[in-house]
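So you can see what is in the structure, the chains are spelled out below.
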Amino acid sequence: MNAPCASGIDTRAGVRASGLVKRYGELAAVDGLDLDIAPGEFLGLLGPNGSGKTTTLHMLATLIRPSAGSAAVAGFDVTREPVQVREALGLVFQESALDRTLTVAQNLRFAGLLHDLPPRVIEERASALLELFDLASRRHQPVGGLSGGMRRALDIVRGVLHEPRCLLLDEPTIGLDLPNRRRIWRFIERLRARTGMTVLLTTHYLEEADGCDRVVFIRKGRAVESGAPRELVARLGRHILEVEAADLDTVFSRLEARLGAGLRDGEVAQFRCADEDVADLARLQADIGSRATAWRVRRPNLNDVFLWVAAGKVLH
Amino acid sequence: MRLRPIYAVLERELVRMARQRTRLVAAMVRPLIWLLVIGGGFAALAGADYQRFLVPGVLGMTLLFGAMLAALGTVYDKESGVMRMMLVAPLPRAWIVIAKLLAAAAAALAQALLLLALLAALGYVGRGTHWALLAAALAGSSLACAGIGVLTASFSRTLENFAGIMNFVIFPLFFVSGSLYPVRELPALLHWAAMLNPYTYGVDLLKHAMQAGADFALGLDLAVLAVATALAAAVAAWRFSRESAYEPMIRAVLGPSQ
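Please read these numbers as outputs of a predicted model, since none were measured by experiment.

A. Structural context of helix 11 (residues 302–310) of chain A. Residue and element names in this part refer to chain A. Considered for burial, the residues of helix 11 that qualify are L302, D304, V305, F306, W308 and V309. The N-terminus of helix 11 is capped by N301, whose side-chain oxygen sits 2.9 Å from the backbone nitrogen of N303. Directly beyond the C-terminal end of helix 11, a positive phi value near 80° is found at G312.

Spelled out as structure tokens, the structure:
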């Protein structure tokens, strides 16, 4: 296998899906999804629970069969050439894919042999990767005794031991505390800097997707928005107005009349404002007066994009 | 053909077995209780030769339990992360089944060899033992038992079924075979049941090798074991590769899809 390196990105490392569908009985978990990931690209697949992110990943990883449509990883078709696809990609599941009864080294040996790597190569790569992921001192410890963060790190090591051209990460930081989430991200960054591999990830933590080259929002199994995080945030608007009020319904409809469609997120209403609206805001605030218990104008972020897209609103 | 993945599964099985001391001790104590306590007791009824007759039976018992428990480890694998590792490996699905079968057979064989050494030390392995045939009998029976094991595992999704499998698969296979009594002496119904049990022929082969009064021809034993192993492996591999059987398992392994 040609090991991709930072200088020469492997041109066969992309991911392509067109009209991908997965039906479970009546329910379409994925409903005509199109995806085009360039070799070396770092793409985030975002969307609310049940939007089809994991199902998409599992179809790309050949674990489940698409009901319709087609997909290819590194140029190999997921239904016709599943073994080649699995050879070209690394997959890190939401739940650990490790044997808790074996040691760190034994787990990596098992995973490496399953990928038909010679034991000497496994040794070398495991040493280098464990070093990279700060796990070198844990080598001979049983996996059951590792912390959650270390186990996740080891899971990623396991997923890239065979030097896949494309890495799929399903919620790589779910269930981890903030320091551990940061560590995992540092590891992924190091890995990308070293190998230049294509990375496709799903995540709930939107601030984490900021580092992606591009994000794709999916909703009800379809891609609804896509772009560089900064570009999507810019498309949302220059400012976000957040209002809290005891009688939110009245305030909401009055503001909607002036600012266009808003978003209700629990006790908070959100509106998108362009620069020219800002001058109006002071007047609006005076108008609403004490009916608003909180009134904030701030810069939008990817979380806002997520909320607007999840609510089914199209960005303009 | 890639052999390293098969070796990986085999190695893991043996590493796990060596680590699980209690499993290993149980695998030695169980047959020895049958031989020394129950065999000793029944010798009073059936004559002193009964213990000698029982030696192939308890050797087979170790193979049967060892292979079945190892193969049923697949069910544990489904619930832990190990099956995830195997599912993303670049192998045809059927390969996982074959690897698991060979690993279970190897684990069973290792236990049987250990027991054989113990039996020899206790003086239960006669001078007339045909060693080459014994080797073939141990290998053939362990493969057949592992085949039945992976077949059973392919039908069970959760470990909760385990007690059921013990009661409805392993015990009947053991009791309705020639392990404890000559098949030809059994009443008609049990006789037929024993004849339909592939494990019977494994025990019979062991009896041939240890000259303990076999019931069937050598060729028949070998043929039945070969066919049973191939058939069980084929059905298990088919079930494992088949979409409808395999997707619910994927979902069980991966958790609910989103």
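B. Examining helix 3 (residues 104–114) of chain A more closely. All names here are of chain A. By the criterion of burial, helix 3 is predominantly enclosed, with nine of the eleven residues buried. Every buried residue of helix 3 is accounted for by V104, A105, N107, L108, F110, A111, G112, L113 and L114. Of the residues trailing helix 3, D116 is marked for its positive phi of about 65°.

C. Representation of the pattern of salt bridges within the structure. With the rule as written, the count across this model stands at 32 salt bridges over all chains. Here E13 of chain B and K100 of chain B are joined by a salt bridge, their closest N and O atoms 3.5 Å apart. Of this pair, E13 of chain B sits in helix 1 (residues 4–19) while K100 of chain B sits in helix 5 (residues 93–121), placing them 87 residues apart in sequence. One salt-bridge network, in which partners are shared between bridges, spans E242, E244, R296, R298 and D304 of chain A.

D. Geometry of empty space enclosed by the protein. Residues and elements named next belong to chain B. Enumeration over the complete set of coordinates arrives at five cavities of 30 Å³ or more. The computed volume of the largest cavity comes to approximately 100 Å³. Around the largest cavity, the lining residues are T74, K78, M83, M86, I96, V97, K100, V150, A153, S154, A236 and F240. By residue class, the composition of the lining of the largest cavity is eight nonpolar, two polar and two charged.

E. Up close: the interface of chain A and chain B. Between chain A and chain B, the contact holds 41 residues from the first and 33 residues from the second. Of all residues in chain A, the largest losses of buried area upon contact with chain B belong to R86, F110 and L114 of chain A, amounting jointly to 20% of the total for that side. Counting every contact that joins chain A to chain B gives six salt bridges. Here R4 of chain B makes a salt bridge to D116 of chain A, at a shortest N to O gap of 3.3 Å.

F. Highlighting the packing of helix 1 of chain B against helix 2 (residues 21–46) of chain B. Residues and elements named next belong to chain B. One can describe the packing of helix 1 onto helix 2 by two numbers: an axis separation of 5 Å at closest approach and a directional angle of 80°. It follows that helix 1 is roughly perpendicular to helix 2 by the angle criterion. Between helix 1, through E13, M17, A18 and R19, and helix 2, the contact on the second element is made entirely by R21, R23 and L24. Grouping the amino acids of the contact of helix 1 with helix 2 by side-chain chemistry returns three nonpolar, no polar and four charged.

G. The arrangement of unusual backbone geometry in detail. Residue and element names in this part refer to chain A. The backbone of E163 shows a phi angle near 50°, a positive value even though the residue is not glycine. Mapped onto the elements of the fold, E163 is located in the loop between helix 5 (148–160) and strand 7 (166–170). With relative accessibility at 26%, the residue E163 sits in the partly exposed group. You will see that K220, though not glycine, has its phi angle at about 50°, which is positive.

H. Representation of the nonpolar core in the model. Counting 162 residues, the largest nonpolar core has F133, L154 and F217 of chain A as its most contacted members. By residue number, the principal contributor to this core is helix 3 (residues 50–79) of chain B, which donates 14 residues. Among all residues touching F217 of chain A, those that are not within four sequence positions of it are L46, L206, R222, A223, V224, E225, L232, L302, V305, F306 and V309 of chain A. Counting residues in hydrophobic clusters, the runner-up holds 16 residues, among them V243, A245, A269 and I288 of chain A.

I. Here's a closer look at the sheet that holds strand 12 (residues 263–265) of chain A. Residues and elements named next belong to chain A. Judged by pairing direction, the sheet is antiparallel, and its four strands sit side by side in the order 12-13-11-14 without closing on themselves. Only two strands of the sheet have a single neighbouring strand rather than two, namely strand 12 and strand 14 (292–298). Strand-to-strand, the axes of this sheet are offset by a mean angle of 25°, without reference to chain direction. Pairing between strand 12 and strand 13 (residues 268–273): three bridges, direction antiparallel. For D265, the partnering residue across the bridge sits in strand 13 and is V268. Relative to the sheet, helix 9 (residues 248–259) contacts strand 11 (239–245), strand 12, strand 13 and strand 14, its axis offset from that of strand 13 by approximately 5°.

J. Spatial organisation of the packing of aromatic side chains. Residue and element names in this part refer to chain B. In the structure shown here, the tally under the stated rule is 13 aromatic pairs over all chains. Between F171 and F175 the ring centres are 6.0 Å apart and the planes differ by 45°, which places this aromatic pair in the tilted class. On the criterion of helical spacing, the pair formed by F171 and F175 is a turn pair, its members being four residues apart in helix 7 (residues 162–175). The partly exposed category is assigned to F175, whose relative accessible area is 32%.

What counts, and at which threshold
Residues numbered from 1 in each chain as written. Chains lettered and ligands numbered in written order. Predicted model: local features only at pLDDT ≥ 70, side-chain atom pairs only at ≥ 80, totals over all residues. Heavy atoms only, no water. Buried < 20%, exposed > 50% of the residue type's maximum accessible area, 1.4 Å probe, protein only. Helix = DSSP H or I, 4+ residues; strand = E, 2+ residues; numbered from the N terminus. Polar contact = N/O pair within 3.5 Å; in protein donor to acceptor, adjacent residues only side chain to side chain. Salt bridge = Lys/Arg side-chain N within 4 Å of Asp/Glu carboxyl O. 1 Å grid on protein atoms, 1.4 Å probe; cavity = no way out; pocket = protein on both sides within 12 Å on 5 of 7 lines; lining within 4 Å. Points joined across faces, edges and corners; volume = space filled by probe spheres on them. Nonpolar A, V, L, I, M, F, W, Y, C, P; charged D, E, K, R; others polar. Contact = heavy atoms within 4.5 Å. Buried area = accessible area lost by both parts, 1.4 Å probe. Axes fitted to C-alpha atoms, helices over the stretch in contact; angles between N-to-C directions. Parallel < 35°, antiparallel > 145°, perpendicular 65-115°, else oblique. Core = buried A, V, L, I, M, F, W, Y, C linked by side-chain atoms within 4.5 Å. Pairing = 2+ DSSP bridges. Phe/Tyr/Trp six-rings, centres within 6.5 Å; stacked < 30°, edge-to-face > 60°.

Read these as layout, nothing more, since geometry by itself doesn't imply function.
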